[in-house]
Amino acid sequence: MQSISWRNTSSSWETLVWALSISALAGHQIMRKYDGFFLKLHASVVLLPPAVAAWYAMSLQIGQMSLVSTMALCYAIYLGALCTTVVAYRLSPFHPLYRYPGPFWCRTSMFVHAVRTTTGKQMTYLKALHERYGDVVRIGPNAISVRDASLVGPVLGPSGLPKSAFFTGTVLTESNIHLSGIRDLEEHAIRRRPWVRGLAPPALREYEQIGAARIYQLVNRLAEQKGVVILGQWFNYLAYDFMSDMAFGGGSELMRDGDQTGLWTTLEKGTATALFMGQVPWLGVYLGHIPGAARAVNEFLEYSREQAMKRLARGSITRDLFHYLANEDLPKKDPPPTAQLRSDGLLVILAGSDTTSSGLTSVFYGLMTDPSAYACLQQEVDRFYPPDEDVCTTKHHRDLHYVTAVINESLRLFPPTPTNSSREVPHNSKSLIYNNVLLPPGTLIHIPHYVLHRDPRNFVFPDTFWPERWLIASGQLELESARLPHGLTQPPPGHGKPKFEFVHNDAAFIPFSIGPMNCPGKGLAMQQMRMVICALVQRFRFRLQEGWDSRRYEEDFKDYFTANRPDLPVHIEPRY
Ligand code: HEM
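Residues numbered from 1 in each chain as written. Predicted model: local features only at pLDDT ≥ 70, side-chain atom pairs only at ≥ 80, totals over all residues. Heavy atoms only, no water.

Okay, the UniProt feature "transmembrane region" (unreviewed entry) in the chain next. Residues given the UniProt feature "transmembrane region" (unreviewed entry) here are residues 12-31, 37-58 and 70-91. Helix and strand shares over residues 12-31 are 100% and 0% respectively, and the end C-alpha atoms of the span are 28 Å apart. End-to-end, the C-alpha atoms of residues 37-58 are 33 Å apart, and along that stretch the chain is 91% helix and 0% strand. (UniProt positions renumbered as here; feature names shortened; annotations may be inferred. Helix = DSSP H or I, 4+ residues; strand = E, 2+ residues; numbered from the N terminus.)

In this structure, Phe364, Leu536, Phe542 and Leu568 are the most contacted members of the largest nonpolar core, which totals 113 residues. Counting only domains with at least three residues in this core, you end up with domain 2 (179-459 + 505-574) and domain 3 (463-504). In this structure Leu568 touches Val229, Ile230, Leu231, Gly232, Thr361, Phe364, Tyr365, Met368, Leu544, Trp548 and Tyr553, once residues within four positions along its chain are discounted. One finds Cys106, Tyr125, Ile139 and Ala143 within the second-largest nonpolar core, a separate group that totals 16 residues. (Core = buried A, V, L, I, M, F, W, Y, C linked by side-chain atoms within 4.5 Å. Buried < 20%, exposed > 50% of the residue type's maximum accessible area, 1.4 Å probe, protein only. Domains from an automatic or database assignment. Contact = heavy atoms within 4.5 Å.)

This paragraph deals with the coordination of the iron atom of the ligand. No other protein atom reaches the iron atom of the ligand as a donor apart from Cys519 (SG), found 2.3 Å away. By the secondary structure assignment, Cys519 is in the loop between helix 20 (468-473) and helix 21 (522-539). (Donors = N, O, S within 2.8 Å, 3.2 Å for Na, K, Ca; no water.)

The strand order 3-11-8 describes an open sheet built from three strands, whose pairing is antiparallel. The sheet is open, and its two edges are formed by strand 3 (229-230) and strand 8 (540-544), each paired on a single side. Where strand 8 lies against strand 11 (residues 569-574), five bridges are found, and the strand directions are antiparallel. Bridge pairing in strand 11 places Arg541 opposite Glu573. (Pairing = 2+ DSSP bridges.)

Let us now look at helix 2 (residues 39-59). Its 21 residues give helix 2 an end-to-end C-alpha distance of 29 Å, which sits within 8% of 30 Å, the value for a rise of 1.5 Å per residue. Taken as a whole, helix 2 carries its principal kink of about 35 degrees at Leu47; the proline Pro49 stands between one and four residues after it. Residues His42, Val45, Pro50, Ala53, Ala54 and Ala57 constitute the buried set of helix 2. Looking one or two places after helix 2, you find Gln61, whose phi comes out positive at around 55 degrees. (Expected span 1.5 Å × (residues − 1). Bend = angle between axes of the 7 residues up to and from the residue.)

It is worth spelling out the site of the ligand at this point. Residues in close proximity to the ligand total 30 residues, the closest being Lys163, His188, Arg192, Ser421 and Cys519. The contact in question runs from an oxygen atom of the ligand to an N or O atom on the side chain of Arg192, over 2.7 Å. Here an oxygen atom of the ligand and a side-chain polar atom of Arg423 are 3.0 Å apart. Broken down by secondary-structure element, the contributors of at least two residues to the shell around the ligand are helix 8 (185-198), helix 16 (338-369) and helix 21. In terms of residues, the shell around the ligand owes the most to one element, helix 16, which gives five residues. When grouped by side-chain class, the residues that make up the shell around the ligand number 15 nonpolar, 12 polar and three charged. (Near = heavy atom within 4 Å. Polar contact = N/O pair within 3.5 Å; in protein donor to acceptor, adjacent residues only side chain to side chain. Nonpolar A, V, L, I, M, F, W, Y, C, P; charged D, E, K, R; others polar.)

Within the secondary structure, Lys127 is located in helix 5 (residues 122-133). Setting aside anything within four residues of it in sequence, one finds Lys127 in contact with Tyr450, Val451 and Arg454.

Each assigned domain of the chain is listed with its residue range as follows: domain 1 (2-91), domain 2 (179-459 + 505-574) and domain 3 (463-504). One C-alpha centre belongs to domain 1, the other to domain 2; they are set 49 Å apart. With six residues of domain 1 at the interface, the matching set in domain 2 holds seven residues. Interface area, domain 1 with domain 2, both sides summed: about 510 Å², of which 69% is carbon and sulfur. Contact with domain 2 buries area across many residues of domain 1, yet Asp35, Phe37 and Leu39 alone supply 85% of it, more than any other trio. Between domain 1 and domain 2 we count zero salt bridges in total. There are four residue pairs in polar contact (both at pLDDT 80 or more) connecting domain 1 and domain 2. For the side of domain 1 that touches domain 2, a count of residues per class yields three nonpolar, two polar and one charged. (Buried area = accessible area lost by both parts, 1.4 Å probe. Salt bridge = Lys/Arg side-chain N within 4 Å of Asp/Glu carboxyl O.)

Now for the pattern of salt bridges. In the structure shown here, the tally under the stated rule is 27 salt bridges. Between Asp354 and Arg565 there is a salt bridge, and its shortest N-O distance comes to 3.0 Å. Here Arg565 lies in the loop between strand 10 (562-564) and strand 11 and Asp354 lies in helix 16, a separation of 211 residues in the sequence. Both residues of the pair, Asp354 and Arg565, count as buried.

Per the counting criterion, the structure on display carries two cavities of 30 Å³ or more. There is about 50 Å³ of room inside the second largest cavity. In this structure, the second largest cavity is lined by Phe235, Leu238, Ala239, Phe242, Met243, Gly352, Thr356, Leu360 and Gln528. Broken down by secondary-structure element, the contributors of at least two residues to the lining of the second largest cavity are helix 10 (231-248) and helix 16. Examining the composition of the lining of the second largest cavity, we find that five residues originate from one element, helix 10, more than from any other. Residue composition of the lining of the second largest cavity, grouped by class: six nonpolar, three polar and no charged. (1 Å grid on protein atoms, 1.4 Å probe; cavity = no way out; pocket = protein on both sides within 12 Å on 5 of 7 lines; lining within 4 Å. Points joined across faces, edges and corners; volume = space filled by probe spheres on them.)

Below, the discussion takes up the packing of aromatic side chains. For any pair of aromatic rings, the description rests on two quantities: the centre-to-centre distance and the angle between the ring planes. In this structure the tally under the stated criterion is 21 aromatic pairs. When the centroid spacing of 5.1 Å and the interplanar angle of 85 degrees are considered together, the rings of Phe166 and Phe167 count as edge-to-face. Both residues of the pair, Phe166 and Phe167, count as buried. Aromatic pair Phe414 and Tyr553: ring centres 5.0 Å apart, planes at 90 degrees, arrangement edge-to-face. One end of the pair, Phe414, is in the loop between helix 18 (401-413) and strand 4 (423-424); the other, Tyr553, is in helix 22 (residues 551-556), and 139 residues separate them in sequence. Since its relative accessible area comes to 4%, Phe414 is described here as buried. Sitting above the plane of the Phe414 ring, Arg454 keeps its charged end 5.4 Å from the centroid. Above the face of the Tyr576 ring, Arg539 is positioned so that its terminal group lies 5.8 Å from the ring centre. (Phe/Tyr/Trp six-rings, centres within 6.5 Å; stacked < 30°, edge-to-face > 60°. Lys NZ or Arg CZ within 6 Å of the ring centre and 35° of its normal.)

As structure tokens, then:
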């Protein structure tokens, strides 16, 4: 009798295991079809089947276990089957990205890559992967990284692909998302219009005074400093104060008061968490529903939202970027909804401050580690901005060829967004083929700037700071008469060309990205960087702190979507 009941129990469990396994297969198909943010649906798929199975087992008294043990067993069986199904499919030849090589574990879950990003070394990791596996590497179940410059145009250009959900994950919400996270191409184009007006050349001329006031303040503050000065930190403060002027008509005085509330630390902590969430956006959005989760990101988001609300309440005092974002330049047009202004105000700070500051820090690092490049730049600045010339007039900017070359070279070696955000082939599209690379629907494509910029097929001496390459490439300087990178010498006149092939691929230089979702702030960032360089080089002489190992810059340059960089300790001497 006992053996019959045992057999009944065991066959009932068998049935239950089968039912749970089949539910897991169905659950996987539902997840694949509704791959996005469907909290209730996803929660139902994950939680309901084992709960039903446990209730069934308890009601038939299968196994005679406690409720907790029955539930635990049903969840273990179901979730085990679900994970096995998902992983087996992702590893199988039936997966559309099976053809692409890449690390084994990356194929199983996007978490594997997401964890990698927490080291801040995503850019060198991706570079190493490309060196090992080739131009197309599978870095996630549905994600590839591409190192082929010929794909930049098709993927990012005018008829390129929409953005992925990366930014949705970084800001922990899919509602009221800022411009950068809008995935629908038409909606994105409409939302971008005020940004384009507010960052077009006529508007930039209006901002010159706002920018100049902050730069004079920086020069005065640096003149007061004694001993070692952490230059990168001053650039952070400058960029943040300036972008707060642009976004909120003021409200930040880091250069005057220092970072007393730890705002910059919050920003840096926030970007690290945000980058992780960007890789697994569903997790970011779902965590966003839990109060207290992802605190570092939330603190910064809240701070910026508060500033935007204050600015809205105050109205315009000067013509800043917010003036355009709020349609104040088009009196007949209604202002956008407050939620949109709040999220776009936040984007001004996020997109404009850390990036420009990173670019400036890399420029000064490059100059101080290459004294002859510093001397060339000094000469150019002195020619256009002698001591009695106002450094904040932009009238000479178009003639500052060497300054521009130094900026380009710094952004090439140390792009402020080293790996960029990804694009996605829409789920309802057909497979695309670009230059023999097949992109099935739902594929995420990363084109990491850092990797393209450091590929010797795109730039000769890819790891060397050599501003002259930009002048040679644009025909302003002959290779035969150019200063060569450190350690190389020109053959004497009449003895032919230097013994290397000059390789320079402008299409692979994308620090501001390209296409309809590129950086609309490029003009403002370049204007601001030129002003700062001229102002500082006109007034001071910089040198690295003795004993500071300059290799640390490369080693400690980190990719948390925007780049964290070493502090750059320097000595400053006034020139007059
Ligand atoms: C050196 C400085 C800067 C660099 C290297 C930089 C780089 C970038 C890059 C690479 C993107 C494209 C991201 C993507 O493809 O998803 C981007 C987007 C953006 N940047 Fe910048 N940026 C800089 C400064 C600025 C400034 C000063 C602003 C002004 C507020 C700004 C505003 C934006 C905005 C609004 C977007 C989103 C564009 C869109 O989605 O249509 N950036 N930036």
